[in-house]
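Structural description and commentary
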Amino acid sequence: MNQHAKFRIGHSACPHDCPSTCALEVELLDSKRIGPVHGAKANSYTAGVICAKVARYAAASIIPSAC
């Protein structure tokens with residue numbers, strides 16, 4: 001039986017210097033790891049979608065001191 005991992009949603013803003021200024025929803029797996037990053041559903045511009053650069057942030061967020 002598959003069980004879904006429990007996580008919280010954190011809210012953030014995109015750090016890229018582009019004119020879109022996207023709002024983000026970040027899955028917080030625990031105090032040191034994040035899961036997938038999505039565009040904020042409540043934001044009329046992002047509407048749950050985010051660019052490919054930001055969508056890969058979870059894979060790039062491995063912190064060596066946390067391993």
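The following refers to the structure shown. (Residues numbered from 1 in each chain as written. Predicted model: local features only at pLDDT ≥ 70, side-chain atom pairs only at ≥ 80, totals over all residues. Heavy atoms only, no water.)

Before going further, it helps to examine the sheet that holds strand E1 (residues 8-13). The pairing of strands in a sheet happens through backbone hydrogen bonds and is either parallel or antiparallel. The sheet built from three strands is open, its strands ordered E1-E2-E3 with antiparallel pairing. Two strands lie at the open edges of the sheet, namely E1 and strand E3 (34-39), each paired on one side alone. With strand direction ignored, the average angle separating the axes of adjacent strands in the sheet is 25°. Bridge count between strand E2 (residues 23-28) and E3: four bridges; the pairing is antiparallel. The residue of E3 that forms the bridge with Val26 is Val37. (Pairing = 2+ DSSP bridges. Helix = DSSP H or I, 4+ residues; strand = E, 2+ residues; numbered from the N terminus. Axes fitted to C-alpha atoms, helices over the stretch in contact; angles between N-to-C directions.)

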